[in-house]
Amino acid sequence: MLSNQYSITAVQHIISADGTINHEYTVTTLLTDSRRISNASEGLFFALSGRRNGHEFVAEAYAAGVRNFVVKQGPEITMPEANFLIVNDVLSALQKLAAYHRSRFNLEVIGITGSNGKTIVKEWLYQLLCNDKNIVRNPKSYNSQIGVPLSVWLINEKNNLGIFEAGISTISEMNRLEAIIKPSIGVLTHIGTAHDEGFENRRQKVLEKLMLFKNCRLLIHNYDQMIEYKDDVPVKNCFTWSTKFKEANLYVFSETVIDKNFYLRAKYKGKEIECLIPFSDEASVENAIVCLAVMLAMGYKAVEADKRIERLSAVSMRLELKNGINDCSVIDDSYNSDIQSLEIALNFLTQQNQHQKKTLILSDIFQSGLQPDVLYRQVAEMIRAKKVDKFVAVGEALLNYKDYFDTPEKYFYPDTPSMLQHLRSLNFKEETILIKGSRSFEFESISRALVQKAHETVMEINLNALLNNLNFYRSKLKPGVKVMTMVKAFSYGSGTFEVANILQYNKVDYLAVAYIDEGVALRKTGITLPVMVLNPEASAFDKLTEYNLEPVIYSFNLFDDYIKYAQESNVLNYPIHLKIDTGMHRLGFENYEVETLCDLLEENRYVHVKSVFSHLVASEAAQHDGFTLTQIKNFEKAFKQIEKVLGYSVIKHICNTSGITRWPNAHYDMVRLGIGLYGIDGAIPANDSILQPIASLKTSISQVKKVKAGETISYSRSGSLLKDGKIATVRIGYADGYLRAFGNGVGKMLVRGVLVPTVGNITMDMCMLDVSGTDAKEGDEVIIFNEKQRIEELAAQIGTIPYEILTNVSQRVKRVYFYE
């Protein structure tokens, strides 16, 4: 039997499940998401319940070919070819199966936890040790209660080292992960503020993390941060490192930055050693020291450890979605390639609907633990299942197994330079391209060739943060309440199809745009969700029906215009939405107009009312709660009148972002999620970590100048310094959306972690900052806003609202989308 191949009968016994085995199947693949089905015929689907009930997606998984399910209750519909293993706790069953699988292998396992640096340390240890060991590790950041068992399931008989990270967010979680990982060597990374909110205090969090190491023979940790917990460490044999205490096993006593590298000298076993770290930022240096300590603790010589650490390369744990040449979209994952992360990247590729054509550029895969023919058959099947149209393979191994691949277009090259020589003949145009390469193939050069050259000012959009925010608001809703998400105004400046794609993939119910042309753009990029148009123009009604967009009717004139169009075009029972003005006094039928509206709707065969809605004026503000209650009361009166005349129920919605948070009794049938999706809610304090800002606006320094006190700076001689100092000219101006109101010290930006003010007027393409007292250099990154320098703070600086800051970022600013 292959190491991760089990009969369904064996699985039933391992997890102590009830249910009858109707068909004997082999299980090799664990599945938890019906949208990401691979190897369905040998898959076992766990119907997990969290923010969404996995049992609702059993039928979808069955339709995709899955025949084995672990559930809490059987299905409501007949699935004759399926086996259902019934358990009390589906997540516990998944963990139990993974723990059993782990128990079959006697390999060394490094278990990593901490607040920060877990994934980087894991990936760097892989880089440092992969020449000596056959390593299995978590894909990406799969360190949760679900991610750890899925990772441990990957262990096979060829692995002789496992490196698994474990993440927790509250008490009583680590014991479950320890039972699955069973580490023999423990590594504790930096302890910081992450997930503090899940614990009573820092001590409780540290003690919970230490549970991972309770059966370890060796623990590596930072002596400095563990002094107050030294009596709580559950491992007798510890290897410690420190920058303060000589009694540590590894005492780092000298630190020097040399040409963006970090040179350290340390005492180890009574001798002086040295190490050159190819990074200089504080977090990377600490993570590299952790890796050095691990290597020394495992018996590597200091000289060898130094040699390997000097060759460490940056770890990109995020997929980057960028605009490419010839109207292409480029998904850049050019730093690593293994079978697990390939599947994750291909899933992201399938989410993209902006182009019909899907392309994969892939290098040879190393350290898979599989025989090459088995590995590349799996890769070929994965590519086939994901319906890749064009396959560009780079590497001798892929060349040897080219007959396994049957995509409509396929090209094979022995190395990266050969592929780049033929780049033009590959004719990349209007396609979504996934670049996935092992580090040694240096696919960064392919990325540079395919990504559209752009302005150095960049807005980074974190799609994981967006999903976190979506799920937060979903958690506030009762079952059955729909979610409409607002993607108007270029998704509040965040990009239209990029955001709409991930919302569609994550099964929101409706999208809303301001104008018809925004809806048309969504349809042209493959969005099939229902789309409501808030402010349709009568002159474009033909586009409305051509692209299946649903108009909001808010006045009698617009109603008459639409009925006239429908009569002339013979459009019957077309879906419309009715807006009621309950106090905003912007658009909508007034209360006194509802009766007349009902007369027009009665037995009207040209329209079918999908929803009736209104808009709360001050849902975030407690001082206006009385007015909000009046709005809700008037809305109820209106929709009841309309439903009575229509003779059928319609979708009713009034809650915007803050309404979802503060007015649960007014959720009705659907809520409209707007700026909360992007991490901002007037009803939630900005320093609350429940919501995550999704956008970071960054630029760089073009030039640094020394300026004497009193010398004038910028147009109209508007700025100056009070004493001799330095100014930095940065690549952002009012044409990029950094408004002139931020000039003359009103606005501030982060340079090398220091908040510095603007000097003088903001110009069209650039502005100047007072960087006196900093080490700012040309080329340094400058942050306009991110999770630390928040959009709300910028809005307060110029007396506006966050909406204006976001939507003002111009489209000449390149958007880059990250997805982990």
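Structure: see above.
Everything numeric here is computed off the predicted structure, so don't read it as measured data.

Colleague: With reference to specific residues and values, describe the environment of Gly162.
Modeller: Tracing the backbone shows Gly162 in strand S9 (residues 161-165). Along the chain, Gly162 and Asn138 lie 24 residues apart, while their C-alpha atoms are 8.9 Å from each other. Excluding its chain neighbours within four sequence positions, the residues that come into contact with Gly162 are Leu107, Glu108, Val109, Ile110 and Val136.

Colleague: I'd like a rundown of the sheet that holds strand S12 (residues 238-242), residues and numbers included.
Modeller: Ordered by their spatial adjacency, 9 strands build an open sheet running S8-S9-S7-S10-S11-S12-S13-S14-S15, and the pairing between neighbours is mixed. At either end of the open sheet lies a strand with only one pairing partner, and these are strand S8 (135-137) and strand S15 (271-277). The sheet shows a mean angle of 20° between the axes of neighbouring strands, taken without regard to direction. In this sheet, strand S11 (residues 218-222) lies alongside strand S10 (residues 185-188) in parallel orientation, the contact comprising 3 bridges. In the sheet register, Val187 faces S11, and the bridge partner there is Ile220. Sitting on the sheet, helix H9 (residues 282-297) touches S10, S11, S12, strand S13 (250-258), strand S14 (261-268) and S15, and the angle it makes with S12 is about 145°.

Colleague: Kindly report on the sheet that holds strand S24 (residues 510-513), identifying the contributing residues and their values.
Modeller: Two orientations exist for strands paired in a sheet by backbone hydrogen bonds: parallel and antiparallel. One open sheet holds the 8 strands; their spatial order is S29-S28-S27-S26-S25-S24-S23-S30, and the pairing between them is parallel. A strand with exactly one partner marks an edge of an open sheet, and here the two such strands are strand S29 (651-653) and strand S30 (670-673). Neighbouring strand axes in the sheet, compared pairwise and without regard to direction, differ in orientation by 30° on average. In this sheet, S24 lies alongside strand S23 (residues 482-486) in parallel orientation, the contact comprising 3 bridges. Bridge pairing links Met486 to Ala512 in S24.

Colleague: For the pattern of salt bridges, give the residues involved together with the corresponding values.
Modeller: Opposite charge on two side chains permits them to pair, given that their charged atoms come into close proximity. Following the criterion strictly, the structure yields 33 salt bridges and no others. When the shortest N-O distance is used, the salt bridge between Lys507 and Glu60 registers 3.5 Å. Within this pair, whereas Lys507 is found in the loop between helix H18 (496-505) and S24, its partner Glu60 is found in helix H2 (residues 58-63), the two being separated by 447 residues in sequence. The exposure class of Lys507 is partly exposed, given its relative accessible area of 28%. Two residues, Lys322 and Asp332, come together in a salt bridge whose shortest N-O distance is 3.5 Å. Taken together, the residues Lys322 in strand S16 (residues 319-323) and Asp332 in strand S17 (residues 329-333) connect sequence positions 10 residues apart. This pair shows no difference in class: Lys322 is buried, exactly as Asp332 is. One salt-bridge network, in which partners are shared between bridges, spans Lys122, Glu123, Arg137 and Glu165.

Colleague: I'd like a description of the packing of aromatic side chains, backed by residues and values.
Modeller: What characterises a pair of aromatic rings is the spacing of the ring centres plus the angle enclosed by the ring planes. Here the structure, examined in full by the defined rule, presents 26 aromatic pairs. Relative to Tyr268, the ring of Phe239 has its centre 6.0 Å away and its plane inclined at 50°; by these criteria the two rings are tilted. In this pair, Phe239 is assigned in strand S12 and Tyr268 in strand S14, connecting sequence segments 29 residues apart. Of the two residues, Phe239 and Tyr268, neither departs from the other in class, the shared state being buried. Judged by centre distance (5.9 Å) and plane angle (85°), the ring pair of Phe391 and Phe412 falls under edge-to-face. Taken together, the positions of Phe391 in strand S19 (residues 390-394) and Phe412 in strand S20 (residues 409-413) put the pair 21 residues apart, joining distant regions of the chain. Like Phe391, the residue Phe412 is buried in the burial classification.

Colleague: Can you break down helix H22 (residues 594-601) residue by residue, with the values?
Modeller: Buried residues of H22: Val594, Leu597, Cys598 and Leu601, and no others. An end-on view of H22 places all buried positions within 105° of arc, on one side of the element. Exposed residues lying more than 90 degrees from the buried face of H22 are Glu595 and Asp599. If you follow the buried residues of H22, they end up packed against helix H21 (556-569), strand S27 (574-579), strand S28 (607-613) and helix H23 (625-646).

Colleague: Hey, could you go over the environment of Val707 for me, with residue numbers and the actual values?
Modeller: In this fold, Val707 is placed in strand S31 (residues 695-707). The exposure class of Val707 is buried, given its relative accessible area of 8%. Taking the C-alpha atoms as reference points, Val707 and Asn4, 703 residues apart in sequence, are found 67 Å from one another. Those residues in contact with Val707 that sit more than four places away from it in its chain are Ile713, Leu721, Lys723, Asp724, Gly725 and Ile727.

What counts, and at which threshold
Residues numbered from 1 in each chain as written. Predicted model: local features only at pLDDT ≥ 70, side-chain atom pairs only at ≥ 80, totals over all residues. Heavy atoms only, no water. Helix = DSSP H or I, 4+ residues; strand = E, 2+ residues; numbered from the N terminus. Contact = heavy atoms within 4.5 Å. Pairing = 2+ DSSP bridges. Axes fitted to C-alpha atoms, helices over the stretch in contact; angles between N-to-C directions. Salt bridge = Lys/Arg side-chain N within 4 Å of Asp/Glu carboxyl O. Buried < 20%, exposed > 50% of the residue type's maximum accessible area, 1.4 Å probe, protein only. Phe/Tyr/Trp six-rings, centres within 6.5 Å; stacked < 30°, edge-to-face > 60°. Arc of directions from axis to C-beta.

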